[in-house]
Amino acid sequence: MPPETTLASVTSPLLRAVPASIPRPEYVGKELPERYTGPEVKDADTIERMRAAGRLAAQARELVGAHVVPGVTTDELDRIGHEFLCDHGAYPSTLGYRGFTKSLCSSVNEVICHGIPSDQVVQDGDIVNIDITAYLHGVHGDTNATFLAGDVDEESRLLVECTREALERGIRAVKPGRRINVIGRVIESYAARFGYGVVREFTGHGIGTSFHSGLIVPHYDDPEHDELIEVGMTFTIEPMLNLGTPEWEMWDDGWTVVTRDRQRSAQFEHTLLVTPTGAEILTQAD
């Protein structure tokens, strides 16, 4: 089992500045976002805008990921992602969302999701998830990936590769006429081969003009979420797999989620468009 990390305390300075010329999502400056009441099936114009937002988010993800090296702070990774998005006319969707103070989430080792960038220094052998979302032309593109810092042990490497494969298998399961819960059924079945815990309480979600539309995409087989998959729907798949138990705890900051047994966790995420034959990945860097 890889060593447990001693996580740095969060030192969050004031929110990073965003040029006034960049449009903000409606929730910025509010305690809660407005409830989304629109359709899950998007029109052609919204889809085209989502392609642009998704592509930019993917480019930001890869840029930040290239800087995940021993010695960098997670706050520096936040700066890199923030400046890239702003330089390209996009607003970092997490900044100000339900009070979140940073422009991306950085989740190191046993942090499952929603880690807040801070003065924490990335160590040799760490695994670091970067979750970044671009708000561009009135829509969101949401993506994340887990990156390896330096010489990572084989157990952690396998976890990361299997989590990436779990996402890819979930994406391949998307077909019009199927039900949403087929995605989680495929992911859960694959993870079980390796004895990984599949986090249940944090899920994929509908996305578009709203960061989270209300559609829930579980990563386990949940018969309660059996919505019909239709052409034109847009949503994320973002499995979180743990080396040990799927159980988790949340820090007092109200965001940082860690594995209860402090074993490592990995995650990957894409924003998808349902097509007549399957799914188009909107958060590709190319």
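Rules behind the numbers
- Residues numbered from 1 in each chain as written.
- Predicted model: local features only at pLDDT ≥ 70, side-chain atom pairs only at ≥ 80, totals over all residues.
- Heavy atoms only, no water.
- Helix = DSSP H or I, 4+ residues; strand = E, 2+ residues; numbered from the N terminus.
- Buried < 20%, exposed > 50% of the residue type's maximum accessible area, 1.4 Å probe, protein only.
- Contact = heavy atoms within 4.5 Å.
- Areas by Shrake-Rupley, 256 points an atom, 1.4 Å probe, with all protein chains shown as cover.
- Lys, Arg positive; Asp, Glu negative; His and termini not counted.
- Charge placed at Lys NZ, Arg CZ, Asp CG, Glu CD.
- Axes fitted to C-alpha atoms, helices over the stretch in contact; angles between N-to-C directions.
- Parallel < 35°, antiparallel > 145°, perpendicular 65-115°, else oblique.
- Left-handed = near helix turned anticlockwise from the far one by under 90°.
- Nonpolar A, V, L, I, M, F, W, Y, C, P; charged D, E, K, R; others polar.
- Pairing = 2+ DSSP bridges.
- Expected span 1.5 Å × (residues − 1).

1. Here's the deal with the overall build of the chain
A count of helices and strands for the chain gives four helices and 15 strands. With the C-alpha coordinates aligned to their principal axes, the bounding extent of the chain is approximately 50 × 45 × 35 Å. Counting the 286 residues in the chain, one finds 55% classified as buried. Long-range contacts, defined here as pairs at least 24 residues apart, represent 74% of the contacts in the chain between residues at least 6 apart. Split by element, the accessible area of the chain, about 11,800 Å² in all, is 50% carbon and sulfur. Side-chain charges of the chain comprise 25 positive and 44 negative groups, with the mean position of each set lying 5 Å from the other.

2. Some words on the packing of helix H3 (residues 154-172) against helix H4 (residues 181-192)
Packed helices, taken two at a time, are described by the angle between their axes plus the distance between the axes. Interaxial distance between H3 and H4 falls to 8 Å at its minimum, and their mutual angle equals 150°. Relative to H4, H3 is oriented roughly antiparallel. When the axes of H3 and H4 are compared, the crossing they make is right-handed. Where H3 approaches H4, its residues Cys162, Glu165, Ala166, Arg169 and Gly170 are matched on the opposing element by Ile183, Val186, Ile187 and Tyr190. Within the contact of H3 with H4, the residues separate by chemical class into six nonpolar, one polar and two charged.

3. As for the environment of valine 72
Mapping valine 72 onto the fold places it in the loop between helix H1 (44-66) and helix H2 (74-87). Remark: the alpha-carbon pair of valine 72 and threonine 46, spanning 26 residues in sequence, is separated by 37 Å. In this structure, valine 72 is in contact with His67, Leu77, Gln120, Val121 and Val122, ignoring residues within four places of it in sequence.

4. Observations regarding the sheet that holds strand E11 (residues 248-250)
On the basis of which strands lie adjacent, the open sheet formed by three strands has the order E3-E12-E11 and antiparallel pairing. Strands at the two margins of the open sheet, each flanked by one partner only, are strand E3 (111-113) and E11. Strand-to-strand twist across the sheet, computed as the mean angle between neighbouring axes with direction ignored, equals 40°. As paired strands, E3 and strand E12 (residues 257-259) are joined by two bridges and run antiparallel to one another. Residue pairing for E12: valine 111 is matched across the bridge by valine 258.

5. Considering H2
For H2, with 14 residues, the first-to-last C-alpha span of 20 Å sits near the 20 Å given by 1.5 Å per residue. With ten of 14 residues buried, H2 lies mostly within the body of the structure. Those residues of H2 lying buried are Thr74, Asp75, Leu77, Asp78, Ile80, Gly81, His82, Phe84, Leu85 and Cys86. In the core, the buried residues of H2 are packed alongside H1, strand E1 (91-92), strand E2 (105-108) and strand E4 (127-136).

6. Some details on the sheet that holds strand E6 (residues 197-198)
One open sheet holds the three strands; their spatial order is E6-E10-E13, and the pairing between them is antiparallel. Since the sheet does not close on itself, it has two edges, and those belong to E6 and strand E13 (265-267), each with one partner. Sheet topology note: the E6/strand E10 (residues 240-242) ladder contains two bridges and is antiparallel. The residue bridging valine 198 from the neighbouring strand is leucine 241, located in E10.

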